[in-house]
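Structural description and commentary
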Amino acid sequence: MRVLRPLLVLSGLFVSLAGCDQQAAFERFIPKEESALAKQVLARFFANDSAATERQLDPSVITPSVHAALEQMAAMFPPEPAKRVTTVGANTLAVDQVTTYNLTFEHEFSHAWLLSNVVLRKRGTHTTVLGLHVSPMTQSLEAQNRFTFAGKGALHYVVFALAIAIPVFIVFTLVLCARTRIARRKWLWLIFVALGVVQLSLSWTDGSFAVRPLQFALLGSGYVRSGPYAPFIFNISFPLGAVVFLLKRRSLGSPRIDAGNGADPTGPPTGP
């Protein structure tokens, strides 16, 4: 446990620093004009002005029940101004002359959190609302998806330990492979050793996992995060190449030449 504790602290520090860089990169990809327009649409819910929202809806989503759906979503907002509205998701898709903006916002109130999603469609200079959704939350996405070991189960600890041990094992084997005299195609062995196969992906937030048999991973492990507010996904793979190399290492060495008499051990034997 004395060894694990500083390791967890260093891992948490690395994740925090990576999160700062990711936040800055995320901010650059938010479409500022469309984000401001989406916030104006949401502000009308506070003013109970669903009629103004209906006028901005795209014709393709207007149905007889749309007014009731808007009223139901408006009722989810507490009767107080939001303390903070944060853009937590942004995706832009351009096809031909039509651009779709999928924007997600987190609303912080005194005793509640809300997650809202606004989808905008832009044709030329005309922008309409293609989709709108509101859902309550018990805490912020930052708190929900933070990197912590509190409340985590055995699977989280096993995956985290393997995510550290597998790259160390592969790097050690790579060095050993580089220093081993291999008769043919040594570079293929180096590539084989460097890759992990059959990937297991674990969502750090809820513990859900998936196995991808045909997935490969450099150095056998890593983690990804689709945004600064998204959950951490840890990936580990079986170091098949490293294991096979260690098992076959002795048989892969080049034949030696006897320096004493210059004889080739692979040649025919000679008599006295």
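Summarised in this report is the structure supplied together with it. (Residues numbered from 1 in each chain as written. Predicted model: local features only at pLDDT ≥ 70, side-chain atom pairs only at ≥ 80, totals over all residues. Heavy atoms only, no water.)

**Re helix α8 (residues 240-252)**
Every α-helix carries 3.6 residues per turn, so stepping three or four residues along brings you back to the same face. Between its first and last C-alpha, α8 extends 17 Å over 13 residues, near the 18 Å set by a 1.5 Å rise per residue. Helix geometry: α8 is bent most strongly at L246, by close to 45 degrees. Residues of α8 that are buried include every one of G241, A242, F245 and L252, and no others. For α8, the elements touching its buried residues are α6 (154-179), α7 (186-194) and β5 (195-203). (Helix = DSSP H or I, 4+ residues; strand = E, 2+ residues; numbered from the N terminus. Expected span 1.5 Å × (residues − 1). Bend = angle between axes of the 7 residues up to and from the residue. Buried < 20%, exposed > 50% of the residue type's maximum accessible area, 1.4 Å probe, protein only. Contact = heavy atoms within 4.5 Å.)

**Some details on unusual backbone geometry**
In this structure, R185 is a non-glycine residue whose phi angle is positive, near 50 degrees. Summarising the element assignment, R185 is placed in the loop between α6 and α7. According to the relative accessible area criterion, R185 is exposed, its value standing at 55%. Its identity as a non-glycine residue notwithstanding, V198 has a phi of 60 degrees, on the positive side. With respect to the secondary-structure elements, V198 resides in strand β5.

**Overview of the sheet that holds strand β2 (residues 98-108)**
Picture the strands of a sheet paired through backbone hydrogen bonds; they go either parallel or antiparallel. Strand order in this open sheet of four strands is β1-β2-β3-β4, and the pairing throughout is antiparallel. Where the open sheet ends on each side, the last strands, each with one partner, are β1 (84-95) and β4 (126-137). In this sheet, neighbouring strand axes are inclined to one another by 15 degrees on average, regardless of whether the strands run parallel or antiparallel. Examined bridge by bridge, β2 and strand β3 (residues 113-123) share eleven bridges and lie antiparallel to one another. Residue pairing across strands places T100 opposite R121, the latter belonging to β3. Along the sheet, helix α2 (residues 32-46) contacts β1, β2, β3 and β4; its crossing angle with β2, the most-contacted strand, is approximately 55 degrees. (Pairing = 2+ DSSP bridges. Axes fitted to C-alpha atoms, helices over the stretch in contact; angles between N-to-C directions.)

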